Amino acid sequence: QVQLVESGGGLVQVGGPLRLSCVVSGRTFSTYAMGWSRQAPGKEREFVAVIGGSGGTTDYADAVKGRFTISRDNAKNTVYLQMNSLKPEDAAVYYCNARPGPLMVGRSPYGYWGQGAQVTVSS
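Quantities reported herein were computed from a predicted structural model and do not represent experimental measurements.

Chemist: I'm lost on unusual backbone geometry in this one. Help?
Modeler: Among all residues except glycine, the phi angle is most often negative; among peptide bonds, the trans geometry is most common. Positive phi values are uncommon outside glycine, yet Asn 77 reaches one of about 55°. Secondary-structure assignment places Asn 77 in the loop between strand E7 (68-73) and strand E8 (78-83). Residue Asn 77 is classed as buried on the basis of its relative accessible area of 16%. Of note in this structure, Ser 85 is not a glycine but carries a positive phi near 50°. Residue Ser 85 is classed as partly exposed on the basis of its relative accessible area of 40%.

Here you go:
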């Protein structure tokens, strides 16, 4: 069973940065494409970013492109989401997602999920 644990959420001011981390259990981390999704109150969960197993392929939702960066450290079984220039509309619970298959970098997440990390953006 794959387990994902997010950390790094919190309160940040508009325009500020925040970095989320997600540690994944198991020894086959590089065989998973990793993604981040988010869900704001009253809204459906939406795709944010994804990275391939080797880290060479990434994709972002249009709403975060140029502000967010997804990266991974396969030696540490960890995926990161660096969020810069945060806006009020970025406030949400952010979920880490592990997709079996290193090339599964589409915008429809599936697979295993973490418990979520709350991100609050204050103006």
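On we go.
Chemist: Honestly, the sheet that holds E7 in this entry has me stumped. Any pointers?
Modeler: Each strand in a sheet pairs with another by means of backbone hydrogen bonds, the pair being arranged parallel or else antiparallel. If you trace the four strands from one edge of the open sheet to the other, you get E1-E3-E8-E7, paired in antiparallel fashion. Each edge of the open sheet carries a strand with a single partner, namely strand E1 (4-7) and E7. Here the strands of the sheet are splayed against their neighbours by 15° on average, with no regard to which way each runs. Where E1 meets strand E3 (residues 18-24), four bridges bridge the pair, whose relative direction is antiparallel. Paired with Leu 4 across the strands is Val 24, a residue of E3.

Chemist: What's the story with the packing of aromatic side chains in this structure? I'm lost.
Modeler: Aromatic ring pairs: the centre-centre distance and the angle between the two ring planes describe each pair. For the coordinates displayed, the defined rule picks out two aromatic pairs. With a centroid separation of 6.3 Å and 75° between ring planes, the pair formed by Tyr 32 and Tyr 112 is classed as edge-to-face. Residue Tyr 32 is located in strand E4 (residues 32-39), and its partner Tyr 112 is located in strand E10 (residues 112-113); the two are separated by 80 residues in the primary sequence. Note on Tyr 32: relative accessible area 11%, which makes it buried.

Chemist: I tried to follow the nonpolar core on my own but got confused; where do I start?
Modeler: One broad rule of soluble globular proteins: the nonpolar side chains tend to lie buried together. Ranked by size, the top nonpolar core spans 33 residues in total, and within it Met 34, Trp 36, Val 79, Leu 81, Met 83 and Tyr 94 carry the most contacts. Mapped onto this core, the elements with two or more residues apiece are E3, E4, strand E5 (46-51), E7, E8, strand E9 (92-100) and strand E11 (117-122). For this core, the element with the most residues is E5, which contributes five residues.

What counts and how
- Residues numbered from 1 in each chain as written.
- Predicted model: local features only at pLDDT ≥ 70, side-chain atom pairs only at ≥ 80, totals over all residues.
- Heavy atoms only, no water.
- Helix = DSSP H or I, 4+ residues; strand = E, 2+ residues; numbered from the N terminus.
- Buried < 20%, exposed > 50% of the residue type's maximum accessible area, 1.4 Å probe, protein only.
- Pairing = 2+ DSSP bridges.
- Axes fitted to C-alpha atoms, helices over the stretch in contact; angles between N-to-C directions.
- Phe/Tyr/Trp six-rings, centres within 6.5 Å; stacked < 30°, edge-to-face > 60°.
- Core = buried A, V, L, I, M, F, W, Y, C linked by side-chain atoms within 4.5 Å.

Any functional reading would require information that these geometric values do not contain.
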